[in-house]
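# Observations on the model geometry
If you want the building blocks of each chain, they are given just below.
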Amino acid sequence: MIDALVVVAYFIAIFSIGLYAGRKQDSLEDYALGNRSLPWWAILASIIAAEISAATFLGTPGEGFVLRNFAYAQLGIGAILGRIIVGKLFLKPYYDYKVVSIYEYLEKRFGITTRRWASVTFLISRVLASGVRLYFAGILLVIAYMFIIGQESASPLETVLIYIGALTFITVVTSIYTTLGGLKAVVWTDVLQASILIIAVATTILLLFFSIKGESSFVDTFHNICNIIGDTTNNPCGVNNLQPGKVFDFGISGEGFITDLRNILSSEYTLWTAFLGATFLAMATHGTDQDMVQRMLAAKDSKTGTRAVILSGIVDIPVVLIFLVCGMLVFVYYSTDGMELPRNAAGQVEQMKIFPYFIIHHLPSGIRGLLVAALLATAMGSLSTALNALATTATRDWYRDVFNPAASEQQLLRAVRWLTVAFAVLLIVVGAISAWYVVMNPGARILPIALGIFGYTYGSLLGVFLLGMLTRGRGNDFGNVLAMLAGFAAVITLEILGSKEMITPIAFPWRVTIGTIVTFAVGSCFATPKECIARRAEH
């Protein structure tokens, strides 16, 4: 009962914010950018809330549980470096050109074809990535539903249907307040959602610590926790080369340059990945993705947006550390309490279900409701931003410029709201397919898919944006299309060769780096038309 009241209170709060924020919207720019009047700290909270998707909420504690180290957090180095570059290099041109969709910049720099290709690349990538990530949001709700009806499992068909119901519920609720309130509703609900998230996870950490502590002193408890975490003989997830406590890894074995290069490119968590791969990844996700940039454009000027995006990178590190610590403490709790781990039909530990299973089966009433609300907050926060960005891009780049150039502001406002609903349906379909695939293939690892989708296409996006911002006279429509296709083809080719074990598989942070370099190099071979250079000089 207490859990239900907590969740109901959360829904009342977000609907109230959505309705209030939706007042006095008279144009597409009001809907998409909140009249460029949002404070930096609200934008910062919104960026954090959007980044912490349900995949992060469940996956990061799972990483802490399975690996019992902080290696994942070192990617935060690149996250900060990439956002500094975004703030200093990307935002000012966006503000100078007064864009609503960031792909308008590419039209003014190169031409309409480059804008169209970049826009459709974003739309397809974001629908697939957000749809797959939506599946993760259903995991906790499905476990909660099974807990409520007193069942441990259901048939595959029943499980898929439960997932579809959960995903539909989350998406419908999110699309309602997003459609009504636009970006203002997204940002201010994100502030609430980020606050709930941090409070819920911090509360869980304290609860776990004191449940482990018992009658021991704080010092003895801390030593006991460290000993259990560092015990490599206790390896229920069967991780090869388990290294508890590891923070930094150079990926260098001393067996020669080629071997070391293979180790670096195939590893997700090394310092090379942190300083290079993660930097390119952050530039792509925060500089060329309408989802993220749209918040920064809601600030009054580029300096305010820059402050928000750079500080969000700094805040990211303690947030990730909190999630990892939570997963490690769940491992200690499991080790001392004999908690049964969730396993699939093949008997393998399901990493993504460890934390939600713990929430539903081992947290007290009230705290459990707070964690359920926190998961809904993370899922709805990232989903609302995706819906808003998808609808804004489709309206600005396609509906207005292709299908209805003479559209009034009221027509654009209606269009962006209907497109929000349309994209909500698309995301439900992708999420349902993802759920069906995982249920029917118990051994499938969908987390790398969710995290890696951007790697296939965002290198092409970043390469063409960097071509526009770092050069004065290189790149044109024809060359940019070839360059983007070349970047995409390079990543796909390496992925196929890696899957066939013909070469070392490339880790997802490096895909963006490789795609960017190839796109930039090919695009640089073509000269920019003189009229485009003159247009840029005006700004």
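Use the structure listed above.
Please read all numbers here as calculations on a predicted model, not as lab measurements.

## Section: the packing of helix α11 (residues 271–287) against helix α19 (residues 508–523)
Between α11 and α19, the shortest axis-to-axis distance is 8 Å and the interhelical angle comes to 65°. One way to sum up the angle between α11 and α19 is to call them roughly perpendicular. With respect to the hand of their crossing, α11 and α19 are arranged in left-handed fashion. Between α11 and α19, the contacting residues are Trp272, Thr273, Leu276, Gly277, Phe280, Leu281 and Ala284 on the first element and Phe508, Pro509, Trp510, Val512, Thr513 and Thr516 on the second.

## A word on α19
A rise of 1.5 Å per residue sets the reference length of α19, with its 16 residues, at 22 Å; its end C-alpha atoms lie 23 Å apart and thus fit the reference within 8%. Where α19 is concerned, the buried positions are Phe508, Pro509, Trp510, Arg511, Val512, Thr513, Gly515, Thr516, Thr519 and Gly523.

## Quick notes on the side chain of threonine 288
By the element assignment, threonine 288 lies in the loop between α11 and α12 (290–296). Overall, threonine 288 belongs to the buried group, its relative accessible area being 0%. Among the polar contacts listed, one links the side chain of threonine 288 to the backbone oxygen of alanine 284, at a separation of 2.7 Å.

## Overview of the nonpolar core
With 139 residues, the main nonpolar core has Tyr10, Phe57, Tyr94, Met380 and Phe465 as its most contacted residues. Sorting elements by how many residues they give to this core places helix α8 (residues 156–213) first, with 20 residues. When residues no more than four places from it in sequence are discounted, the contact partners of tyrosine 10 are Gln193, Ile196, Ala373, Leu376, Ala377 and Met380. Counting seven residues, the second largest nonpolar core, distinct from the first, contains Leu28, Ala391, Ala407 and Leu412.

## Focus: the side chain of threonine 393
Structurally, threonine 393 can be placed in helix α15 (residues 367–403). Under the relative-accessibility criterion, threonine 393 is labelled buried at 0%. Only 2.9 Å separates the side chain of threonine 393 from the backbone oxygen of alanine 389, close enough to count as a polar contact. Ignoring anything within four residues of it in the chain, the contact list for threonine 393 reads Ser101, Tyr103, Ser119, Phe122, Leu123, Gln290 and Trp398.

## Comments concerning the environment of leucine 413
Tracing the backbone through its elements, the reader meets leucine 413 in helix α16 (residues 409–440). Remark: the alpha-carbon pair of leucine 413 and threonine 395, spanning 18 residues in sequence, is separated by 8.9 Å.

## Brief notes about α15
End to end, α15 covers 50 Å across 37 residues, agreeing with the expected 54 Å (1.5 Å per residue, within 8%). Most pronounced at threonine 395, the bend in α15 amounts to some 35°. Of all 37 residues that make up α15, 29 are buried, and the element is covered over most of its length.

## Digging into the packing of aromatic side chains
Counted by the stated rule, this structure contains 17 aromatic pairs. A ring pair is formed by tyrosine 97 and tyrosine 105, whose centres lie 5.5 Å apart and whose planes are at 70°; its orientation type is edge-to-face. For the pair formed by tyrosine 97 and tyrosine 105, the shared burial category is buried. Every member of this aromatic cluster is reached through a ring pair, and the members are Phe90, Tyr94, Tyr97, Tyr103, Tyr105, Phe122 and Phe465. Between arginine 116 and the ring centre of tryptophan 398, over which it is positioned, the NZ or CZ distance is 5.1 Å.

## Overview of the pattern of salt bridges
Following the criterion strictly, the structure yields nine salt bridges and no others. Note that aspartate 316 and arginine 83 form a salt bridge whose closest N and O atoms lie 2.5 Å from each other. Of the two residues, aspartate 316 is situated in helix α13 (residues 302–337) and arginine 83 in helix α5 (residues 75–96); the sequence distance between them amounts to 233 residues. With respect to class, aspartate 316 is no different from arginine 83; both count as buried. In this structure, lysine 92 engages aspartate 96 in a salt bridge whose closest nitrogen and oxygen atoms are separated by 3.0 Å. Highlighted residues: lysine 92 and aspartate 96, both in helix α5, separated by four residues, approximately one helical turn.

What counts, and where the lines are drawn
Residues numbered from 1 in each chain as written. Predicted model: local features only at pLDDT ≥ 70, side-chain atom pairs only at ≥ 80, totals over all residues. Heavy atoms only, no water. Axes fitted to C-alpha atoms, helices over the stretch in contact; angles between N-to-C directions. Helix = DSSP H or I, 4+ residues; strand = E, 2+ residues; numbered from the N terminus. Parallel < 35°, antiparallel > 145°, perpendicular 65-115°, else oblique. Left-handed = near helix turned anticlockwise from the far one by under 90°. Contact = heavy atoms within 4.5 Å. Expected span 1.5 Å × (residues − 1). Buried < 20%, exposed > 50% of the residue type's maximum accessible area, 1.4 Å probe, protein only. Polar contact = N/O pair within 3.5 Å; in protein donor to acceptor, adjacent residues only side chain to side chain. Core = buried A, V, L, I, M, F, W, Y, C linked by side-chain atoms within 4.5 Å. Bend = angle between axes of the 7 residues up to and from the residue. Phe/Tyr/Trp six-rings, centres within 6.5 Å; stacked < 30°, edge-to-face > 60°. Lys NZ or Arg CZ within 6 Å of the ring centre and 35° of its normal. Salt bridge = Lys/Arg side-chain N within 4 Å of Asp/Glu carboxyl O.

Without other data, these values stay purely geometric and don't point to any function.
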